[in-house]
Amino acid sequence: MSRYSLFRIVTLTKCVTSNATTLLCRTNILNRTQTCGYAKKVAAKGKGKGMMKEELKGPEVCKDPARLTSYAVGVNIFKQGEDPQLKPPEQYPGWLFQLNLGAPKKLNELDSDTWEYWKRLRKENIWRYNRLHKGKKF
């Protein structure tokens, strides 16, 4: 019954002996020792002391130059099927090849009459405000 109780009384006896005669015996009564009968935790796979961790593997990287130049590798999101084949550049819209794929332009490189200039100005002001108020408390 004490197995399911939250607390139980434990009696400890410690005796110091020498040459088959007891010199001192001390009895301690410890109250309030927790003895709950909870279920044991299940050991997870790979969490033990001698276990090796299983490394997560990413997707396979295609290194074939012929496939990389003729297919859009990694575009297919379905489990079945294959990646779509690339079309000739004439079949794509013109704006696709004019996109800026490098670093964003600085504020002084943009024209002040454009929408991109004002968007960039607002973003830089937000960054500046956040830097100034980073360590301040309410």
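Here, every reference points to the structure presented above.
The structure displayed is predicted, hence computed values, not measured ones.

> Got a minute to help me understand the overall build of the chain in this structure?
Regarding its fold elements, the chain presents two helices and two strands. Helices (α) and strands (β) of the chain occur, in sequence order from the N terminus, as β-β-α-α. In the chain, which comprises 138 residues, the share counted as buried stands at 5%. Sequence-distant contacts, at least 24 apart, represent 20% of the contacts inside the chain between residues at least 6 apart.

> How should I be thinking about the packing of aromatic side chains in this particular structure?
Aromatic ring pairs are reported here in terms of the distance separating the ring centres and the angle at which the planes meet. This structure, assessed with the given rule, holds one aromatic pair. Aromatic side chains Y117 and W118 sit 5.1 Å apart centroid to centroid with 90 degrees between the ring planes, which places their arrangement in the edge-to-face category. Residue Y117 is classed as buried on the basis of its relative accessible area of 17%. The ring of Y71 carries the charged tip of R67 above its face, separated from the ring centre by 4.6 Å.

> When you look at the layout of surface pockets in this model, what are you seeing that I'm missing?
A water-sized probe rolled over the atoms picks out the places where empty space is left. Reported here for the largest pocket is a volume of approximately 190 Å³. As for the largest pocket, its lining consists of N100, G102, P104, K105, L110, E116 and R120. Across the lining of the largest pocket, the residue classes tally to two nonpolar, two polar and three charged.

> Can you help me understand the side chain of R120 in this one?
Looking at where R120 falls in the secondary structure, it is placed in helix 2 (residues 115-132). What makes R120 buried here is its relative accessible area of 19%. Beyond its immediate sequence surroundings of up to four residues, R120 is in contact with P104, K105, L107, L110 and W127.

> Would you mind going over a nonpolar patch on the surface with me for this structure?
A contiguous nonpolar patch, built from W95, L96, F97, L99 and L101 and spanning about 600 Å² of accessible area, is present on the exposed surface. Judged by relative accessible area, L96 falls into the partly exposed class, the value being 34%.

> What should I look at first to understand the pattern of salt bridges in this one?
Oppositely charged side chains can form a pair if their charged atoms are brought close together. Per the counting criterion, the structure on display carries two salt bridges. A salt bridge links R67 to D83; its shortest N-O distance comes to 3.7 Å. Highlighted residues: R67 in helix 1 (residues 65-70) and D83 in the loop between helix 1 and helix 2, separated in sequence by 16 residues. As a salt-bridge pair, E124 and R120 come within 3.3 Å of each other at their nearest N and O atoms. Here R120 and E124 lie together in helix 2, a separation of four residues that amounts to about one turn.

> Sorry if this is basic, but what is going on with the environment of W118 here?
The topology assignment puts W118 in helix 2. Linking W118 and L107, residues eleven residues apart in sequence, is a C-alpha distance of 9.0 Å.

Here is what the cut-offs are and how they apply
- Residues numbered from 1 in each chain as written.
- Predicted model: local features only at pLDDT ≥ 70, side-chain atom pairs only at ≥ 80, totals over all residues.
- Heavy atoms only, no water.
- Helix = DSSP H or I, 4+ residues; strand = E, 2+ residues; numbered from the N terminus.
- Buried < 20%, exposed > 50% of the residue type's maximum accessible area, 1.4 Å probe, protein only.
- Contact = heavy atoms within 4.5 Å.
- Phe/Tyr/Trp six-rings, centres within 6.5 Å; stacked < 30°, edge-to-face > 60°.
- Lys NZ or Arg CZ within 6 Å of the ring centre and 35° of its normal.
- 1 Å grid on protein atoms, 1.4 Å probe; cavity = no way out; pocket = protein on both sides within 12 Å on 5 of 7 lines; lining within 4 Å.
- Points joined across faces, edges and corners; volume = space filled by probe spheres on them.
- Nonpolar A, V, L, I, M, F, W, Y, C, P; charged D, E, K, R; others polar.
- Patch = residues over 30% accessible without salt bridge, like charges linked within 9 Å, V, L, I, M, F, W, Y side chains within 5 Å.
- Areas by Shrake-Rupley, 256 points an atom, 1.4 Å probe, with all protein chains shown as cover.
- Salt bridge = Lys/Arg side-chain N within 4 Å of Asp/Glu carboxyl O.

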